[in-house]
Amino acid sequence: MAGAAPTPTPENPANGWGGLFPGSPVIPHGPWSVREGAILFMGMALGRGDELMGALGQILALAPFRHMETPGGRRMSVAMSNCGTTGWISDRRGYRYTDRDPMTGHPWPPLPAIFRELAEAAADQAGFPGFHPDVCLVNGYRPGSGLSLHQDRDERDGSAPIVSVSLGLPATFLFGGIKRRDPVEHFRLHHGDVFVWGGASRYVFHGIARLAPGHHPVTGAQRINLTFRQAL
Ligand code: MD3
Ligand code: FE
């Protein structure tokens, strides 16, 4: 429901998260430059949770969540779908962008205006003007789902940022460096958080720790992450 206050959490330093009392209103604020090129807008999507979920429901009706197979033959624990003129997929042949959903044979559903507006506004405010995503990869996490440390390297132009929007249950984000062996910071992502990843943070190793059980008023027992990309 719009305007519902997220559970106050103490994990993030210096973010003022949570009101004076549990359940009291949270004022979205930011931007906060967490690291060079990694800019967090806490709660930027909070007021639009219901609208985003409505648009997402229409996308998932046309291109349902599915568990893709890695090139090594493992089933990903994260459920995925896409919207836009292209979509990211993984199968035995590798990772790539395709103009059609291999599950249905149809083009991916179009990027909703509300998605585009939010992503472009965030990129602009983070100092990346002219960001025009052609894809939104949708990740669905259930308790126990996670995403191991990886880099996103399948997009053609590395000067374009990636914008991520977190919805539903909180998750621990693993924030590494440019080299796989670099130290990994743990960082909590909450419902409504919008993160822009560009510049020096565009090719960092990152991942999501296995989701803890819980219930969220907007998404139920899951976390949904939208990542907006300029892939082609
Ligand atoms: C930093 N998604 O879809 S969002 C992914 O929560 C992905 O579903 C995670 O990693 C998720 O590839 C993390 C934050 C994120 C997304 C993309 C990035 C951080 C990033 C790309 C480059 C650097
Ligand atoms: Fe990623």
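The structure this text deals with has already been given above.
Counting from 1, residues in each chain are numbered in the order their sequence is written. For naming, the first written chain is A and the first written ligand is 1, with later ones following in the order written. Per-residue local features of the predicted model are confined to residues with pLDDT of at least 70, and side-chain atom pairs are confined, for both listing and counting, to 80 or more; whole-chain, interface and lining totals are unaffected and use all residues. Calculation of side-chain values draws on the structure's entire complement of heavy atoms; hydrogens and water are dropped beforehand.

1. Concerning the packing of aromatic side chains
Point 1. Two aromatic rings, drawn from Phe, Tyr or Trp (for Trp, its six-membered ring), form a pair once their centres lie within 6.5 Å of each other, and the interplanar angle then sorts them: stacked below 30 degrees, edge-to-face above 60, tilted otherwise. For the structure on display, the rule yields eight aromatic pairs.
Point 2. Centre to centre, the rings of phenylalanine 115 and phenylalanine 228 are 5.8 Å apart; their planes meet at 85°, and the pair counts as edge-to-face. In this pair, phenylalanine 115 sits in helix 2 (residues 113-125) while phenylalanine 228 sits in strand 13 (residues 223-229), placing the two residues 113 residues apart along the sequence.
Point 3. Classification of phenylalanine 115 as buried rests on a relative accessible area of 0%.
Point 4. We call a residue buried when its accessible area falls under 20% of the maximum for its residue type, exposed when it is over 50%, and partly exposed in between, using a 1.4 Å probe and counting protein chains only. When its relative accessible area of 0% is taken as the criterion, phenylalanine 228 is described as buried.
Point 5. Counted as over-ring charges are cases with an Arg CZ or a Lys NZ within 6 Å of the ring centre that also lie within 35 degrees of the ring normal. In this structure, arginine 202 packs its charged tip against the face of tyrosine 203, placed 4.6 Å from the ring centre. Starting at the N terminus, helices and strands are each numbered in turn, a helix being any DSSP run of H or I of at least four residues and a strand any DSSP run of E of at least two.

2. Some thoughts on the coordination of the iron ion (ligand 2)
Point 1. Coordinating N, O and S atoms are those within 2.8 Å of the metal (3.2 Å for Na, K and Ca), and as water is not part of the atoms, a site may appear to have fewer donors than expected. In the first shell of the iron ion (ligand 2), the protein supplies His150 (NE2), Asp152 (OD) and His206 (NE2), at 2.0 to 2.3 Å from the metal.
Point 2. Sequence positions of the donors to the iron ion (ligand 2) reduce to the motif H-x1-D-x53-H. Here histidine 150, found in strand 7 (residues 147-150), pairs with histidine 206, found in strand 12 (residues 206-208); they are 56 residues apart in sequence, far enough to count as distant.

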